[in-house]
Amino acid sequence: MIDSHCHLADPAFAEDLEAVVSRAHEAGVEGGLCVLAFGSAAEMAQADGVRALWPSLRYATGVHPHEAHHYAGRAADLERDLDRAAGPGFGYVALGEIGLDYHYDLSARDVQREVFRTQVRFAREAGTPIVIHTREADEDTVAILEEEGRGEVAGVFHCFSGTAPLARRALDLGFMLSFSGIVTFPRAESIRQIAASAPLERLLVETDCPYLAPVPMRGKRNEPAWVIHTAKVVAALHNLAPADFDRVVTVTFDRLFKPTA
Ligand SMILES: [Zn+2]
Ligand SMILES: [Zn+2]
């Protein structure tokens, strides 16, 4: 199985990284995408530890909408920093997570839009897929993807928890949908319906750990091993055995996030 979105370089894993990685391997979680906070020296340092313990894990970095305020009015600086740290040749398989979050609004919305726009453009020019974080910002997210992506940028809507119309538009734009532990929650019937009706080969699953632990681990610190609980639920929605779902997801993941040389 693949955990298509985890934050193993988060301080939440600083103490017991080795045990967390062992449990992932014991659970049959062989690969995944580790998302790093853009420009964070602490995460970069911890990522070195993760690399040593889990060589096949892949990496992405990008300016999260929560952090967009650091680049308010500094589009040229952002472009320069992306060139220096996130472009081809730095070992990242994707730019992300990037997007818009109007739920928390930790950066001004116009700043979020500008930073997202700049990064989608960068991804198009670099030929890099993107990992999208979007919350309560459907219209603006889709508009920027259309305007700056121009149908040439691939990627995934991570931790999909939006509406059916947003899922439809994401799929129409050629994006994947990745489902987190939310899909296992009792009240998430609408999310399960979206996961059930999306084409199988456009689905990914993730933990987004340390957050959003799936049932039956809900409320605890999440970790990559537990993606199997989420995978089991999504597999069942498609009437598949977990092992068969695993095979499809692995192919989808490899096609989207091509390993770097
Ligand atoms: Zn996110
Ligand atoms: Zn994340």
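For the structure itself, consult the block above.
Calculation rules
Residues numbered from 1 in each chain as written. Chains lettered and ligands numbered in written order. Predicted model: local features only at pLDDT ≥ 70, side-chain atom pairs only at ≥ 80, totals over all residues. Heavy atoms only, no water. Phe/Tyr/Trp six-rings, centres within 6.5 Å; stacked < 30°, edge-to-face > 60°. Helix = DSSP H or I, 4+ residues; strand = E, 2+ residues; numbered from the N terminus. Buried < 20%, exposed > 50% of the residue type's maximum accessible area, 1.4 Å probe, protein only. Lys NZ or Arg CZ within 6 Å of the ring centre and 35° of its normal. Contact = heavy atoms within 4.5 Å.

K.L.:
Summarise the packing of aromatic side chains; cite the residues concerned and give the values.
P.N.:
Using the criterion set out here, one finds three aromatic pairs in the structure. Taken together, a centroid distance of 5.6 Å and an interplanar angle of 80° make the contact between Phe-157 and Phe-175 edge-to-face. Taken together, the residues span a long stretch of sequence, with Phe-157 in strand E6 (residues 155-157) and Phe-175 in the loop between helix H6 (164-172) and strand E7 (176-179) at a distance of 18 residues. A relative accessible area of 1% places Phe-157 in the buried class. Taking 6.1 Å as the distance between ring centres and 65° as the angle between the ring planes, the aromatic pair formed by Phe-160 and Phe-179 counts as edge-to-face. Placement of the pair is Phe-160 in the loop between E6 and H6 and Phe-179 in strand E7, with a sequence separation of 19 residues. Accessibility expressed as a relative area gives 3% for Phe-160, which makes it buried. One residue, Arg-51, lies across the ring of Tyr-59, its end atom 4.4 Å from the ring centre.

K.L.:
Tell me about the environment of Gly-62, and please be specific about residues and values.
P.N.:
Note that Gly-62 resides in strand E3 (residues 58-62). Here the alpha-carbon distance between Gly-62 and Ala-45, two residues 17 residues apart in the chain, equals 17 Å. Here Gly-62 is in contact with Leu-36, Phe-38, Leu-95, Gly-96, Glu-97, Ile-98 and Gln-119, once residues within four sequence places are set aside.

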